[in-house]
Amino acid sequence: EIRKARDTGDDRALLFALNEGIHGNLGGMGKASLYTRSKVGTKRLITDYVDEVTRSLIHISKVRSNVITKAEKLDFFHRASHCFGRSALMLSGAGALGPFHIGVIKTLAQEGLLPRVISGSSAGALTAAVIGTHSDEELVPFFEADIEIEATIEEAHVTSVLGWRDRIQTEDLREMVEAWIPDLTFAEAFQLTGRHINVSVAPTKKMQASRLLNAITSPNVLVREA
């Protein structure tokens, strides 16, 4: 229906179809079990749907205002951003292996594919905080200094836990945070970079719940203190 409306040039029908049918989990296509066998090549129907929605969204954005008004477009894209969703980068805890996150982010940034939503925990939170508090221009020298970053971690006092997991000492970690993360709140970081960084905080007591810190839930919290 979406493709038919776009191919026939019926822009109002296309807008209606997108309003009624656009969904990031249409037919359960976001279900993890669908991707347990192969992550590419076997889900062509889903790929076709996502590609068609993408083409249709671009098409709607270019429709003349005498056909679809600017106010209608703004309202539609605002709702579509919630219904269809957007890509996000999730960075896991990695201990002393944190520099691997830097390599992933560097490659995504160079290819223009770095998502605007970045979440992390533990070492991943540290990396997300660094990326989320520096503008694109400021990230260039940061990426070029990745060897120095790795050396800093390697020189830190790293201890073995249970023989398989490395952990950086608290004082060394504090020095890294002070050196790499500027004195910005979550709200200020978003205004500077346009990136939504999310830091998950595990509870310290049995009855406490986990917390997610970002520019919406905790705008005035300093990123380096998260």
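First things first, this report covers the structure right here in the doc. Given the structure is predicted, the values throughout are model-derived calculations rather than measurements.

Quick notes on the rules
- Residues numbered from 1 in each chain as written.
- Predicted model: local features only at pLDDT ≥ 70, side-chain atom pairs only at ≥ 80, totals over all residues.
- Heavy atoms only, no water.
- Helix = DSSP H or I, 4+ residues; strand = E, 2+ residues; numbered from the N terminus.
- Buried < 20%, exposed > 50% of the residue type's maximum accessible area, 1.4 Å probe, protein only.
- Contact = heavy atoms within 4.5 Å.
- Areas by Shrake-Rupley, 256 points an atom, 1.4 Å probe, with all protein chains shown as cover.
- Phe/Tyr/Trp six-rings, centres within 6.5 Å; stacked < 30°, edge-to-face > 60°.
- Polar contact = N/O pair within 3.5 Å; in protein donor to acceptor, adjacent residues only side chain to side chain.
- Pairing = 2+ DSSP bridges.
- Salt bridge = Lys/Arg side-chain N within 4 Å of Asp/Glu carboxyl O.
- Axes fitted to C-alpha atoms, helices over the stretch in contact; angles between N-to-C directions.
- Parallel < 35°, antiparallel > 145°, perpendicular 65-115°, else oblique.
- Left-handed = near helix turned anticlockwise from the far one by under 90°.
- Nonpolar A, V, L, I, M, F, W, Y, C, P; charged D, E, K, R; others polar.

1. Things to note about the overall build of the chain
From N to C terminus, the chain includes 10 helices and six strands. Buried residues in the chain amount to 33% of all 226 residues. Considering only contacts within the chain whose residues lie at least 6 apart along the sequence, 66% involve residues at least 24 apart. Per element, the accessible surface of the chain, about 14600 Å² overall, is 55% carbon and sulfur.

2. Looking at the packing of aromatic side chains
In total, this model carries one aromatic pair according to the counting rule given. Ring geometry for F76 and F77: centres 5.0 Å apart, planes at 65°, overall edge-to-face. For F76, a relative accessible area of 2% corresponds to the buried category. In this structure F77 comes out as partly exposed when scored by relative accessible area, which is 29%.

3. Quick look at the environment of T133
On the secondary structure map, T133 appears in the loop between α6 (123-132) and α7 (136-144). Once the C-alpha coordinates of T133 and D183 are considered, the two residues, 50 residues apart in sequence, prove to be 8.9 Å apart. Excluding residues within four positions of it along the chain, T133 makes contact with E138, I181, P182, L184, A189, L192, T193 and V223. Only 3.3 Å separates the side chain of T133 from the side chain of H134, close enough to count as a polar contact.

4. Some thoughts on the pairing of strand β2 (residues 117-120)
Going residue by residue along β2, you find V117 and S119 tucked away on one face and I118 and G120 tucked away on the opposite face as well. Looking at chain direction, strand β1 (residues 88-91) and β2 are connected through four bridges and run parallel. Residue L89 lies in a different strand from β2, and its bridge partner there is I118. Where β2 meets strand β5 (residues 196-201), four bridges bridge the pair, whose relative direction is parallel. Considered in β5, the bridge of S119 is made with N198.

5. Things to note about the pattern of salt bridges
According to the stated counting rule, one finds eight salt bridges in the structure shown. Across the pair R55 and E52 runs a salt bridge whose closest N-O atoms are separated by 3.2 Å. Taken together, the positions of R55 and E52, both in helix α3 (residues 44-62) and three residues apart, correspond to about one turn of that helix. When its relative accessible area of 38% is taken as the criterion, R55 is described as partly exposed. Residue E52 is classed as buried on the basis of its relative accessible area of 5%. We note a salt bridge from D136 to R195, for which the minimum N-O separation is 2.9 Å.

6. Re the packing of helix α2 (residues 11-21) against helix α4 (residues 70-83)
Across the interface, α2 lies against α4 with an axial gap of 11 Å and an inter-helix angle of 30°. As judged from the angle between their axes, α2 and α4 are roughly parallel. As α2 runs across α4, the sense of the crossing is left-handed. On α4, the residues touching R12, L15, L18 and N19 of α2 are E72, F76 and R79. Residue composition of the contact of α2 with α4, grouped by class: three nonpolar, one polar and three charged.

The values reported here are purely geometric and, on their own, carry no functional implication.
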